[in-house]
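# A structural walkthrough
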Amino acid sequence: MFDIAIDKDQPPAEFYADLTSSAAAVVNGEPDAIANMANVAALIWQYMPNLNWAGFYRVVDGELVLGPFQGKVACIRIAIGSGVCGTAAASGLAQRVADVDAFPGHIACDADSRSELVVPIWNNGSVIAVLDLDSPLPDRFDADDEAGMVKLIGAIANSLG
């Protein structure tokens, strides 16, 4: 089906280039956004180290609703503007949080999460969803992770909604 092999130990630019091209291959030709989100969440979960949650929240009727993910049971609904995910959806900007306990209004779906990266997904001029990555490590995500995930989502956004 898919022959994906990504070296987790390569420099960030190459890692994210490989992850992005693999995500593009996984969604290529598939019109179903939920199926594509499921495969992309699984791909990220498989290859990105030190995560305890990787998945999507979709904008449905003015709020974020849990979409496909890998990890522990999660919050089902998040108000736009609330928590890290809701802030990313409201602002349209990626949110990289080194210490979730220091983020005002953080929603603790998993008490083991210590840092978070959330990337909004734009389609037709609107935020339609967010990609949410959580880690049990403080300050897990750096500028390379943010830039890499923003590029990845940009490359496949049309397949996600």
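Now for a quick tour of the structure. Predicted model, so just to flag it, every value in this text is computed and none were measured.

### Let's talk about the pattern of salt bridges
- Applying the stated criterion across every chain yields a total of five salt bridges.
- Arginine 77 is paired through a salt bridge with glutamate 63; the nearest N and O atoms lie 2.7 Å apart. Note that arginine 77 is positioned in strand E3 (residues 77-79) and glutamate 63 in strand E2 (residues 63-71), a separation of 14 residues in sequence.
- Taking the relative accessible area as the measure of exposure, glutamate 63 reaches 24% and is therefore partly exposed.
- Close ionic contact of aspartate 101 with arginine 114 constitutes a salt bridge, the shortest N to O distance being 4.0 Å. Here aspartate 101, found in the loop between strand E4 (95-97) and strand E5 (115-123), pairs with arginine 114, found in the loop between E4 and E5; they are 13 residues apart in sequence, far enough to count as distant.
- Since its relative accessible area comes to 60%, aspartate 101 is described here as exposed.

### Observations concerning the packing of aromatic side chains
- Scanning the entire structure with this criterion turns up three aromatic pairs.
- Each ring, one from tryptophan 53 and one from tyrosine 57, has its centre 5.8 Å from the other, and the planes form 25 degrees; the classification is stacked. The two residues tryptophan 53 and tyrosine 57 agree in class, both being buried.
- Relative to phenylalanine 69, the ring of tryptophan 53 lies with its centre 5.0 Å away and its plane at 15 degrees, an arrangement referred to as stacked. Residue tryptophan 53 is found in strand E1 (residues 53-60), and its partner phenylalanine 69 is found in strand E2; the two are separated by 16 residues along the sequence.

### Points about the pairing of E5
- Judged by how many residues are buried, E5 sits mostly within the fold: eight of nine residues are covered.
- Of the strand pairs in this sheet, E4 and E5 are connected by three bridges, and their pairing is antiparallel. Note that in E5 the partner of valine 97 across the bridge is glutamate 116.
- Note that E5 and strand E6 (residues 126-135) share nine bridges and pair antiparallel. The residue of E6 that forms the bridge with glutamate 116 is aspartate 134.

### As for the nonpolar core
- Ranked by internal contacts, the top residues of the largest apolar core, which has 29 residues, are Leu19, Ile44, Phe56, Leu133 and Met149.
- Among the secondary structure elements, those contributing two or more residues to this core are helix H1 (12-27), helix H2 (33-47), E1, E5, E6 and helix H4 (143-156).
- Top element by residues in this core is H2. It accounts for six residues.

### Some words on the pairing of E2
- Bridge count between E1 and E2: seven bridges; the pairing is antiparallel. Of the residues in E2, the one forming a bridge with arginine 58 is valine 65.
- Hairpin connection, E1 to E2: the antiparallel pair is bridged by two residues, and aspartate 61 has positive phi, about 50 degrees.
- Across three bridges, E2 lies against E3 in antiparallel orientation. From the neighbouring strand, leucine 64 faces E3, where its bridge partner is isoleucine 78.
- A loop of five residues connects E2 with E3, the two strands running antiparallel in sequence.

Calculation notes
- Residues numbered from 1 in each chain as written.
- Predicted model: local features only at pLDDT ≥ 70, side-chain atom pairs only at ≥ 80, totals over all residues.
- Heavy atoms only, no water.
- Salt bridge = Lys/Arg side-chain N within 4 Å of Asp/Glu carboxyl O.
- Helix = DSSP H or I, 4+ residues; strand = E, 2+ residues; numbered from the N terminus.
- Buried < 20%, exposed > 50% of the residue type's maximum accessible area, 1.4 Å probe, protein only.
- Phe/Tyr/Trp six-rings, centres within 6.5 Å; stacked < 30°, edge-to-face > 60°.
- Pairing = 2+ DSSP bridges.
- Core = buried A, V, L, I, M, F, W, Y, C linked by side-chain atoms within 4.5 Å.

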